[in-house]
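# Structural characterization, general
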Amino acid sequence: MAFLSGFLLIDAPASALNNARDAQDAQYDNEVGVKLIRVGRESSPYVSAQAFRYWLRDTLSQNLEWLAHTAPVFREAKVAYTDANPIKYWDDDLFGYMRAEGKKASAKDSRADDSGRASATELSGSVTRTSPFRVGTLVSLAPTNVVKDFGVMSRTGPNMQEGDPVPHSHQFYRAVFKGQLSLDLGRAGLFTYTGKSGNQNLDEVRRKQAEDAGLEHVEAQKAYRLSRTERIQRIAPLIRGLGELRGGAKQALHYTDVTPAAVLLVVTKGGNNPLQYVVGAGEEGRPRVNTEALKETIRAWKDTFLSPIYVGWTAGFHDGERDKLRAALEELQAEGVSFVLEHPRTVLHHIADDLSSEAGAGWLA
């Protein structure tokens, strides 16, 4: 199977992209804190993988074609799940699901009272699907200081408030986040019924739907597979969506463009991520391209590469490091390594387009 793997960088010059329930070292009762990883006395802000996936889902919802194929969500008391039908819904296919309806009388009553379930796919047993799209926690490249900003709620004008202003406080930081990405291209559009946890994608109802829809039956894998055209139709918007990412907390006070400032991706024969050590922290926590690590890892792994190395790096974002990266990749060209270096959005569109190429046919095998 082939995987699109690599990482992205998000530049957060003064931001609070993912907030915590309780602020660490809070000085005020109503202080809003940011999520932090602490090692000793040092703190590194992070954005949870759940938050990132929410950003991506929200971004994809702006694509009307994707939105038309988004699964409905149902709820029973404290349990929620999607329709869990990857044949119909693109997000169930690429983001995974777990649907196990409650057996208590209260759960059955809530289902009976929910008129929105009229279009729900019937369930003949629990179904689960591990996500073909995977993302790591986005963590600041280097530990950084967290700033506490004190403010007040006050208004002027004809409706000005009376009495003392209401104080509040929140935390923010300056950081560059790095997060790993992986998309299992072989599993996108491939639905198994093995009975193993995470792989019981289809129950009897959904298997019947797969048969009726004419999906290819891959009997050796106990799976059904969509056509290549249908799989590309789902995968391409997700890849392009990464280049148009929007989201993040505290945008009214700390507007931050969360589209990737840089991405490094490659299609490989396995799910390993060989590019993860190419960019790390340099002086004062700034991004630093480790050219020796780049050369060593590419020489070690290039026999597994099925595509060029796709590099998206925004001009104006640490241009000296972009130049170092380009020079190292040009040196490796003499050893048969190919690469593409463009703006992140452009290079992600390039990858999506390459899915339809002759080389891309092998990625989806």
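To keep things clear, this report deals only with the structure shown in the data block. Just so it is clear, the structure is predicted and the values come from calculations on it, not from any experiment.

## As for the overall build of the protein chain
Looking only at helices and strands, one finds 10 helices and 21 strands in the protein chain. Projected onto its principal axes, the C-alpha coordinates of the protein chain cover approximately 65 × 65 × 40 Å. Counting only residues that meet the buried cut, the protein chain has 47% of its 365 residues in that class. Approximately 18,200 Å² of the protein chain is accessible, and the part contributed by carbon and sulfur atoms is 49%.

## Considering the layout of surface pockets
Considering only enclosed or pocket space, the largest pocket measures out at about 350 Å³ in volume. The set of elements that each furnish at least two residues to the lining of the largest pocket consists of β1 (3-15) and β13 (166-184). Element by element, the count of residues in the lining of the largest pocket is highest for β13, at three residues. Partitioning the lining of the largest pocket into residue classes produces six nonpolar, four polar and four charged.

## Observations concerning the packing of helix α6 (residues 228-242) against helix α9 (residues 344-354)
For the pair α6 and α9, interaxial distance at closest approach is 8 Å and the crossing angle is 170°. Our classification of the angle between α6 and α9 gives roughly antiparallel. Across the interface between the two elements, Ala-236, Ile-239, Arg-240 and Leu-242 of α6 pack against Leu-348, His-349, Ile-351, Ala-352 and Asp-353 of α9.

## Here we look at the pattern of salt bridges
Inspection of every chain in the model, using the stated rule, returns 16 salt bridges. Residue Arg-99 is joined to Asp-83 by a salt bridge in which the shortest nitrogen-to-oxygen separation is 3.4 Å. You can see Arg-99 sitting in strand β8 (residues 97-99) and its partner Asp-83 sitting in the loop between β7 (79-82) and α3 (90-95), a full 16 residues away along the chain. Assessed through its relative accessible area of 2%, Arg-99 is described here as buried. In this structure, Glu-244 engages Arg-345 in a salt bridge whose closest nitrogen and oxygen atoms are separated by 3.0 Å. With a gap of 101 residues between them, Glu-244 in the loop between α6 and β17 (262-268) and Arg-345 in helix α9 connect regions that are remote in the sequence. The exposure class assigned to Arg-345 is partly exposed, which follows from its relative accessible area of 40%.

Scoring rules and cut-offs
Residues numbered from 1 in each chain as written. Predicted model: local features only at pLDDT ≥ 70, side-chain atom pairs only at ≥ 80, totals over all residues. Heavy atoms only, no water. Helix = DSSP H or I, 4+ residues; strand = E, 2+ residues; numbered from the N terminus. Buried < 20%, exposed > 50% of the residue type's maximum accessible area, 1.4 Å probe, protein only. Areas by Shrake-Rupley, 256 points an atom, 1.4 Å probe, with all protein chains shown as cover. 1 Å grid on protein atoms, 1.4 Å probe; cavity = no way out; pocket = protein on both sides within 12 Å on 5 of 7 lines; lining within 4 Å. Points joined across faces, edges and corners; volume = space filled by probe spheres on them. Nonpolar A, V, L, I, M, F, W, Y, C, P; charged D, E, K, R; others polar. Axes fitted to C-alpha atoms, helices over the stretch in contact; angles between N-to-C directions. Parallel < 35°, antiparallel > 145°, perpendicular 65-115°, else oblique. Contact = heavy atoms within 4.5 Å. Salt bridge = Lys/Arg side-chain N within 4 Å of Asp/Glu carboxyl O.

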